[in-house]
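# Analysis of the macromolecular model
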Amino acid sequence: MSILTKQQLLQIRRDLHQIPELALQETQTHDYLIKIIKQFNAQHLEIKTISQLPTALLVKVHGSHPQKTIGYRADIDGLPVTEQTNLAFASRYTGQMHACGHDLHMTVALGILNYFSEHQPQDDLIFFFQPAEESENGGKLAYEQGVFQGAWRPDEFYALHVTPDLPSGTIGCRLGTLFAGTTEINIDLQGQDGHAAYPQRANDMIVAASAMIEQIQTIISRSIDPIEGGVVTIGKMEAGTIRNVIAGHAHLEGTIRGLTQTMIERIDQRLQEIGAGIAKSFNADVQVELHQGGYWPVENNPQLTAEFINYMKSNPDIKYQETQPAMTGEDFGYLLAQIPGTMFWLGVQDKAQLHSATFNPQEDAMFAGMQAMIGFLNNHMQTN
C-alpha cells in the first residue's frame, strides 16, 4: 500500500465507527488497526504489542538521523451510548458508540503514520493507540506499567481531540490549560436514624448533608482565585427511606474540575476540611473519598505549544483559532504531566455535542487535521 487515498481513509473511519468497544475491551479495534498498519511500507516501521495492556498498540517509525523521539497519541475506546444517527455505517453494537470521535482520532493517526511510512522522517516517531481514555485511565495505566521506557519513551507528545464547536477542519489550541483536570467525589455521612416525631433521639444526616452541600458551594467563590476557574458539582444525593423516618445515613457523589493540578489539590483539601467540620458540627462520621485517577489538567508545554501555534498561524492553508479552556476531562493530561507536549482541537462542526447519541462529525475535517500535523512535524524536525 502506498499513500492512503481519501476514499480509503473514509472507509477506515467508517469501519472503525461500526465496531466501538468499551475501555480495555478494544480487541476488535486493536486487531483492525494492526491489519491496516501491516499493509503500510514496513521498511522503517516497528510494531510493539503490550502484554500488560493487551489492547494498546505502539508503532515506531525509525528516523533517518534521529535526534529525538516524537510521540503521537490516538485514543481508541468508545462510549456506552446507543447510537441514534441512522447512518449506513452506524455502530453494530447496541449500547456502544464512538460518540466522542475516537474513530476520527484513530484515522487521523493512521493517515499521519501512513505518510511517514512512505516519507521517512528525520526523527523517530512513536504512535500510541491508547485504550481506555473514557474510563479506567488508559494513559496513566500505560505510563505506570512502563510502556514508555528506553527507546519507546517520547521526548515530546502530541494529540488532538475533535470538537463540534469549531468549523470543520479548523485547528484550535492555546497556551496553558486546554482541558480541565477532574476529581470524582464520594461522601458518606453516618449519624443515627429514628422516628420523625423524636428528632432529639436521632442524628439527621439529611440536615448534615444539606449543610455540607451548601458549604461545598463556597469553595470556588471563596477559596479559588476569581481570575481562574473551577467547578464543584454535587450531582447525586441519596438519603432516607420513608417520609416519617429520620435518615441516619446520606451519600453524596459529585465531581471537581480545575484548570491546574495545584487548583485541584486546593479544592480537594477544602473538601476534606469541610467534611471534618461537618463531622464535628453534627457529631457525625463523615468520610470524604476523592478519586483523581488519570484525569489531570491538559497543560500544554509553553515552548512546544508556542511553536505549534506559530506554525498553524503562519500557514495560509490552515484555519487556526485560539480557544478557551474546556471544563471537560481528558486523560492525555496525565501523560503531559510526565512528558512535555501539546494537545489541540480539530473542528468537526456538528449541532450535536460530544457524547451525544446523534453526534455526527464532518468527516472531511480529518484530512485538514492530517495535513496540518504532517506539516508541523516536518517543520518541527527540520528546525529543532
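Quick look at the structure, then.

### What about the overall build of the protein?
Of regular secondary structure, the protein possesses 10 helices and 16 strands. For 384 residues, the compact-globule estimate of 2.2 N^0.38 gives 21 Å, and the protein sits close to it at 24 Å. For the C-alpha atoms alone, the extent of the protein along its principal axes is close to 80 × 45 × 40 Å. Counting every position in the protein, which comprises 384 residues, the buried fraction comes to 55%. In the protein, the proportion of contacts linking residues at least 24 apart, taken out of those at least 6 apart, comes to 81%. Per element, the accessible surface of the protein, about 16400 Å² overall, is 47% carbon and sulfur. Side chains of the protein carry 24 positive and 42 negative charges; the gap between the two charge centres is 2 Å.

### Overview of the packing of aromatic side chains
The full count for this structure, using the stated rule, is 12 aromatic pairs. Here tyrosine 72 and phenylalanine 127 contribute two aromatic rings whose centre-to-centre distance is 6.0 Å and whose plane-to-plane angle is 50 degrees, an arrangement assigned as tilted. Of the two residues, tyrosine 72 sits in strand E3 (residues 69–75) while phenylalanine 127 sits in strand E4 (residues 124–130), which places them 55 residues apart along the sequence. Judged on exposure class, the residue tyrosine 72 and its partner phenylalanine 127 are both buried. Summarising the aromatic geometry, the rings of tyrosine 143 and tyrosine 334 are spaced 6.1 Å apart at their centres and angled 75 degrees between planes, so their arrangement reads as edge-to-face. Of this pair, tyrosine 143 sits in helix H4 (residues 138–144) while tyrosine 334 sits in helix H9 (residues 332–338), and the two are 191 residues apart along the sequence.

### Looking at the pattern of salt bridges
Any two side chains of opposite charge can pair, given that their charged atoms come close. This model, assessed by the stated rule, comprises 11 salt bridges. Here glutamate 363 ties to arginine 13 by a salt bridge, and the two come within 3.0 Å at their closest N and O atoms. Here glutamate 363 is found in the loop between strand E16 (341–347) and helix H10 (365–383), whereas its partner arginine 13 is found in helix H1 (residues 6–17), with 350 residues between them in sequence. Judged on exposure class, the residue glutamate 363 and its partner arginine 13 are both buried. For glutamate 273, the salt bridge identified is with arginine 270, shortest N-O distance 2.7 Å. Placement of both glutamate 273 and arginine 270 in helix H7 (residues 261–282) is noted, with a separation of three residues, approximately one turn of the helix. Looking at glutamate 273, the relative accessible area reads 36%, which means it is partly exposed. Taking the relative accessible area as the measure of exposure, arginine 270 reaches 19% and is therefore buried.

### Considering the sheet that holds strand E2 (residues 57–61)
Spatial strand order, E1-E2-E4-E3-E5-E16-E6-E15: eight strands in an open sheet with mixed pairing. Every interior strand has two partners, whereas the edge strands, strand E1 (45–49) and strand E15 (320–322), have only one. Recorded for the sheet is a direction-independent mean angle of 25 degrees between the axes of neighbouring strands. Direction of pairing for E1 relative to E2: antiparallel, over a ladder of five bridges. Following the sheet pairing, lysine 48 is matched in E2 by leucine 58. Packed onto the sheet, helix H8 (residues 302–314) meets strand E5 (156–163), strand E6 (171–173), E15 and E16 and runs at close to 35 degrees relative to E16. Contacting E3, E4, E5, E6 and E16, H10 crosses the sheet at an angle of about 150 degrees to E16.

### Quick word on the environment of threonine 305
Looking at the element boundaries, threonine 305 is found in helix H8. Sequence separation of threonine 305 and glutamate 83 is 222 residues, and the distance between their C-alpha atoms is 35 Å. Residues within four places of threonine 305 in sequence aside, it is in contact with Cys173, Arg174, Leu175, Asn300, Gly341 and Thr342.

Conventions adopted
- Position numbers for residues count from 1 along each chain, tracking the sequence in the order it is written.
- Two thresholds apply to this predicted model, a pLDDT of at least 70 for residue-level local features and 80 or more for giving and counting side-chain atom pairs, whereas whole-chain, interface and lining totals are computed over all residues.
- Side-chain calculation: all heavy atoms of the structure are included, whereas hydrogens and water are not.
- Where helices and strands are cited, they refer to DSSP runs of H or I of at least four residues and of E of at least two residues respectively, numbered from the N terminus.
- As a reference, a globule follows 2.2 Å times the number of residues to the power 0.38, and the radius of gyration itself is taken over C-alpha atoms.
- Only protein chains enter the calculation, and the probe is 1.4 Å; a residue is then buried if its accessible area is under 20% of its type maximum, exposed if over 50%, and partly exposed in between.
- The contact definition used throughout considers only heavy atoms, calling two residues in contact when any of these lie within 4.5 Å.
- The Shrake-Rupley method, run with a 1.4 Å probe sphere, supplies the accessible areas, and residue values consider only the shown protein chains as cover.
- The charge count includes Lys and Arg as positive and Asp and Glu as negative, but it does not include His or the ends of the chains.
- To locate a charge, take NZ of a lysine, CZ of an arginine, CG of an aspartate or CD of a glutamate.
- When two rings of Phe, Tyr or Trp (its six-membered ring) have centres within 6.5 Å they constitute a pair, described as stacked for plane angles under 30 degrees, edge-to-face for angles over 60, and tilted for the intermediate range.
- What counts as a salt bridge is simple: a side-chain nitrogen of Lys or Arg found within 4 Å of a carboxyl oxygen of Asp or Glu.
- If DSSP finds at least two bridges between two strands, the strands pair.
- Axes here refer to lines fitted to C-alpha atoms; in helices the fit is confined to the stretch in contact. Angles between the N-to-C directions go from 0 to 180 degrees.

Any functional reading would require information that these geometric values do not contain.
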